Amino acid sequence: MKVRKAVVTAAGWGTRFLPATKAQPKEMLPVVDKPLIQYIVEEAVASGIQQIIVVTALGKRAIEDHFDRSFDLESALRAKGNLSKLKEIKRVSEMGEISYIRQKEQLGLGHAILITENLVGGEPFAVFLPDDLIQSDVPAMAQMVEVFNRYQASVVAVERVPKEATSAYGIVAAEPVGERVFKVTGLVEKPSPEAAPSNLAIVGRYILTPEIFQALHQTGRGKGNEIQLTDGLQLLLKQQPIYAYEFTGKRHDAGTPLGLLKASVEIALSRSDIGPEFSAYLKDVVRWL
Ligand code: UTP
């Protein structure tokens, strides 16, 4: 089966960004001049996935407005002759086929995925966590779709992390089965370095088979009284194989202020329009450190 749909989980509180996220969604924070969630939708579309389901919550309306058409803004830009921005904002409103579902209570990532069950239907689907921005020549999700097509099983994106950082991630126990591909034998949520079965950390890209919904139904409230995706994956692993894929590309953890700052610097430096001037500025700043 083909991966045609994606779920983007955007209902979290974004506490780490308070007070910035008191009255605006974390997913709308910009990296240079694009909100985080736009990078994600662009990655989905560039990976051949058009049907995008965004899980939102109270206070997240700006996300819907961002991908909607704004006739007033379009005519204002047209009147000013600002045709390049006009083209850009029209492009944003034409990206993918986006639908929204509200998570009425923030009961965790597993719960956010569970409420999309009827929208996803009985087919494999991609999951994107907008906190993880991945820069790569081939979009990270496109790489994962290729792995899914080969194995027809769930695939989690993994990245090697320093041993001392394992306690910040879900870590897989896994055996290599191909180039950058591993067969998962176990999953542990945030293990201490001593308890970690490997240094392969799960990051915010998944392709899941529809059986995950059954598993999430069975998963009770776990850590933080939330339904944890890792717990659901552990149940799924008892029924069917799960693969881990070490994607190529640079991941930025945009879920914390420092991570967002680093992502902004690197993405700005990679841009041809502002990169050279920004680079000169940074070199100047660094001289004073
Ligand atoms: P995080 O654990 O990063 O939580 O969620 P958060 O609310 O986004 O940020 P902090 O920790 O409060 O600063 C991981 C992903 O799961 C989504 C988030 O939007 C993020 O994409 N999520 C989390 C939901 O959609 N619903 C939830 O109930 C919890």
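Residues numbered from 1 in each chain as written. Predicted model: local features only at pLDDT ≥ 70, side-chain atom pairs only at ≥ 80, totals over all residues. Heavy atoms only, no water.

Novice: Looking at this model, I keep getting lost on the overall build of the protein chain. Mind explaining?
Specialist: On a plain count of helices and strands, the protein chain comes out with eleven helices and 13 strands. For the protein chain, the share of sequence-separated contacts (at least 6 apart) that also reach a separation of at least 24 residues comes to 75%. Surface accessibility of the protein chain: about 14,400 Å² in total, with carbon and sulfur atoms responsible for 54%. If the 34 positive side-chain charges of the protein chain are averaged to one point and the 34 negative ones to another, these points end up 2 Å apart. (Helix = DSSP H or I, 4+ residues; strand = E, 2+ residues; numbered from the N terminus. Contact = heavy atoms within 4.5 Å. Areas by Shrake-Rupley, 256 points an atom, 1.4 Å probe, with all protein chains shown as cover. Lys, Arg positive; Asp, Glu negative; His and termini not counted. Charge placed at Lys NZ, Arg CZ, Asp CG, Glu CD.)

Novice: What is the right way to read the environment of Glu 27 from this model?
Specialist: Mapping Glu 27 onto the fold places it in the loop between β1 (5–9) and β2 (30–31). For the pair formed by Glu 27 and Ile 37, sequence separation is ten residues and the distance between their alpha carbons is 5.2 Å. When residues no more than four places from it in sequence are discounted, the contact partners of Glu 27 are Ala 10, Pro 35, Leu 36, Ile 37, Lys 60, Ile 63 and Pro 130. Of note is the side chain of Glu 27, whose polar atom sits 2.8 Å from the side chain of Lys 60. (Polar contact = N/O pair within 3.5 Å; in protein donor to acceptor, adjacent residues only side chain to side chain.)

Novice: Sorry if this is basic, but what is going on with unusual backbone geometry here?
Specialist: Note: most peptide bonds trans; most residues except glycine with negative phi. Geometrically, the link from Leu 18 to Pro 19 is a cis peptide bond, its omega value of 10° lying close to zero. With a phi angle near 65°, Val 32 is a residue other than glycine that sits in the positive phi range. Relative to the elements of secondary structure, Val 32 occurs in the loop between β2 and β3 (34–35). Of the residues examined, Val 32 reaches a relative accessible area of 30% and is grouped as partly exposed. The phi dihedral of Gln 152 falls on the positive side, at around 50°, and the residue is not glycine. (Buried < 20%, exposed > 50% of the residue type's maximum accessible area, 1.4 Å probe, protein only.)

Novice: Explanation requested: helix α7 (residues 140–151) in the structure shown.
Specialist: Three- or four-residue spacings in an α-helix give side chains the same orientation, since the helix completes a turn every 3.6 residues. An ideal rise of 1.5 Å per residue puts 16 Å on twelve residues; α7 measures up with 17 Å between its terminal C-alpha atoms. Of all the positions in α7, only Ala 140, Met 141, Ala 142, Gln 143, Met 144, Val 145, Val 147 and Phe 148 are classed as buried. Among the residues trailing α7, Gln 152 stands out with phi positive, at a value near 50°. (Expected span 1.5 Å × (residues − 1).)

Novice: In this structure, what is going on with the site of the ligand? I would like to understand it.
Specialist: In the region of the ligand, 19 residues are neighbours, and Thr 9, Trp 13, Thr 15, Lys 26 and Gln 103 sit closest. Measuring from an oxygen atom of the ligand, one finds a backbone N or O atom of Trp 13 at 2.7 Å. Within the backbone of Arg 16, one N or O atom sits 2.8 Å away from an oxygen atom of the ligand. Considered on its own, the ligand offers 570 Å² of accessible surface; in the complex 82% of this is hidden by protein. Here the residues of the shell around the ligand are counted per class, giving eight nonpolar, seven polar and four charged. (Near = heavy atom within 4 Å. Nonpolar A, V, L, I, M, F, W, Y, C, P; charged D, E, K, R; others polar.)

Novice: Would you explain helix α10 (residues 257–270) in this entry?
Specialist: The terminal C-alpha atoms of α10, which comprises 14 residues, lie 20 Å apart, in line with the 20 Å expected from a rise of 1.5 Å per residue. Gly 259, Leu 260, Ala 263, Ser 264, Ile 267 and Ala 268 are the residues of α10 that are buried. In a view along the axis of α10, the buried residues occupy a sector of 160°, so they form one face of it. Away from the buried face of α10 by more than 90 degrees, exposed residues Leu 258 and Leu 261 are located. (Arc of directions from axis to C-beta.)

Novice: It is not clear to me how the pattern of salt bridges should be interpreted in this structure. Could you clarify?
Specialist: Proximity of charged atoms lets side chains of opposite charge pair with each other. A full pass over the atoms with the stated rule returns 19 salt bridges. In this structure, the salt-bridge partner of Lys 60 is Glu 27, at a minimum N-O distance of 2.8 Å. Of this pair, Lys 60 sits in the loop between β4 (51–56) and α2 (61–67) while Glu 27 sits in the loop between β1 and β2; the two residues are 33 residues apart in sequence, bridging distant segments of the chain. Assigned by exposure class, Lys 60 and Glu 27 land together as buried. For the salt bridge of Glu 159 with Arg 251, the shortest nitrogen-to-oxygen distance reads 3.1 Å. With Glu 159 in strand β8 (residues 154–160) and Arg 251 in strand β13 (residues 250–253), this residue pair connects regions lying 92 residues apart in the sequence. Pair check on accessibility: Glu 159 and Arg 251 agree, each one buried. (Salt bridge = Lys/Arg side-chain N within 4 Å of Asp/Glu carboxyl O.)

Novice: In this structure, what is going on with the packing of aromatic side chains? I would like to understand it.
Specialist: When we look at a pair of aromatic rings, we describe it by the centre distance and by the angle of the planes. Taken as a whole and assessed by the stated rule, the structure comprises three aromatic pairs. Ring geometry for Phe 125 versus Phe 213: centroids 5.2 Å apart, planes at 10°, classification stacked. Of this pair, Phe 125 sits in strand β6 (residues 125–128) while Phe 213 sits in helix α8 (residues 211–218), and the two are 88 residues apart along the sequence. A single burial state applies to Phe 125 and to Phe 213, both of which are buried. (Phe/Tyr/Trp six-rings, centres within 6.5 Å; stacked < 30°, edge-to-face > 60°.)

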